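As a plain string of letters, each chain reads:
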Amino acid sequence: MSLRKTAGPALAGLLSTLALAMLPGEAGAQDRDSHWGVSFGFTPRWSATQSTMPVGVLWDNVDELDLSGSALRVGIVRGSELGGDWGISFVRRRFRDESVIDFTSAGDARYVTDGVSLTGVEIHRFSPFVTVGGAVQIGMEYGGGVGTLAGDVVATNRADIGVLDVADALREHGIPIVPLARAELAAAVIAAPGLKVRIKGGFNFPGLQTFSVTINYLFGSR
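Bear in mind the structure is a predicted one, so any value in this text is a computation, not a measurement.

Student: I'd like a description of a nonpolar patch on the surface, backed by residues and values.
Tutor: On the surface, W36, V38, I76, I88, V121, Y217 and F219 cluster together to form a nonpolar patch covering roughly 640 Å² of accessible area. By secondary structure assignment, the location of F219 is in the segment after strand 10 (208-218). Judged by its relative accessible area of 45%, F219 is partly exposed.

Student: How would you sum up unusual backbone geometry? Please name residues and give values.
Tutor: Note that the residue after F205, namely P206, is joined by a cis bond; omega there is 10°. Despite not being glycine, E98 shows a phi value in the positive range, around 75°. Overall, the relative accessible area of 58% leaves E98 in the exposed class.

Student: How would you explain the nonpolar core if you had to name every residue and give the values?
Tutor: Buried together is how nonpolar side chains tend to be arranged in soluble globular proteins. W46, L65, L67, F95, Y111, L118 and L149 are the most contacted members of the largest nonpolar core, which totals 22 residues. Counting residues per element, the ones that place at least two in this core are strand 1 (35-49), strand 2 (64-79), strand 5 (110-132), strand 6 (136-155), helix 3 (166-172) and strand 8 (178-192).

Student: I'd like to hear about the side chain of T43, residue by residue, with values.
Tutor: Structurally, T43 can be placed in strand 1. The exposure class assigned to T43 is buried, which follows from its relative accessible area of 1%. Excluding anything up to four places from it in sequence, T43 contacts S70, A71, Q209, F211 and S212.

Student: Describe the packing of aromatic side chains, listing the residues and the values that go with them.
Tutor: Following the criterion strictly, the structure yields 4 aromatic pairs and no others. Note on W36 and W86: the rings are 6.0 Å apart at their centroids and 70° apart in plane angle, and the pair reads as edge-to-face. In this pair, W36 sits in strand 1 while W86 sits in strand 3 (residues 85-95), placing the two residues 50 residues apart along the sequence. W36 gets classed as partly exposed once you look at its relative accessible area, which sits at 45%.

What counts as what
Residues numbered from 1 in each chain as written. Predicted model: local features only at pLDDT ≥ 70, side-chain atom pairs only at ≥ 80, totals over all residues. Heavy atoms only, no water. Patch = residues over 30% accessible without salt bridge, like charges linked within 9 Å, V, L, I, M, F, W, Y side chains within 5 Å. Areas by Shrake-Rupley, 256 points an atom, 1.4 Å probe, with all protein chains shown as cover. Salt bridge = Lys/Arg side-chain N within 4 Å of Asp/Glu carboxyl O. Helix = DSSP H or I, 4+ residues; strand = E, 2+ residues; numbered from the N terminus. Buried < 20%, exposed > 50% of the residue type's maximum accessible area, 1.4 Å probe, protein only. Core = buried A, V, L, I, M, F, W, Y, C linked by side-chain atoms within 4.5 Å. Contact = heavy atoms within 4.5 Å. Phe/Tyr/Trp six-rings, centres within 6.5 Å; stacked < 30°, edge-to-face > 60°.

In structure tokens form, the structure reads like this:
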């Protein structure tokens with residue numbers, strides 16, 4: 001369950017690049033119509049398996065990966081009604097009990113989650129490719145951040161390990177924090193002045209999500 005030595009610096013560089021890329025630049029014609037607002041998002045289900053995640057980047061010798069759960073996010077945004085937006089969100093991701101990460105062949109253990117959740121902060125941006133009829137936008141939402149885990153993992157095949165705090169277990173294997181990264185295709189509807197409803201899905205590490213809803217409200221839009 002050891003983190004590859006090259007993964008940490010690479011992820012740190014990726015997150016730094018994302019953060020710089022998503023900060024607002026010089027004001028243009030569209031930026032003059034930008035407003036501050038609030039954002040709320042909900043993901044009914046995310047999942048991560050060996051077939052869908054590049055587990056070899058982070059972990060060696062994974063025999064089984066079966067993680068899933070739900071997620072909430074709330075934050076602040078800055079953007080325009082007919083343009084894109086960027087923001088910072090508080091993320092709360094829950095893991096389904098009895099989710100599994102198995103490292104038996106590497107001489108470690110088969111870990112099963114019990115009451116595990118992830119709490120983190122994420123910088124994100126929505127960039128529309130096209131706006132149709134002044135009401136519908138198609139684009140991409142991407143972002144990055146960091147989080148920490150809380151809860152327990154149970155080593156089901158190692159009686160000498162028993163129950164561990166998930167944060168302690170990760171620190172023992174050189175993973176003090178969990179990187180967050182996502183790139184999702186999105187469709188947004190301007191439902192009312194300042195109110196955007198966005199449906200999206202795609203890569204959202206640590207996992208994939210096929211369906212997620214975000215509601216943004218921009219103050220002062222007319």
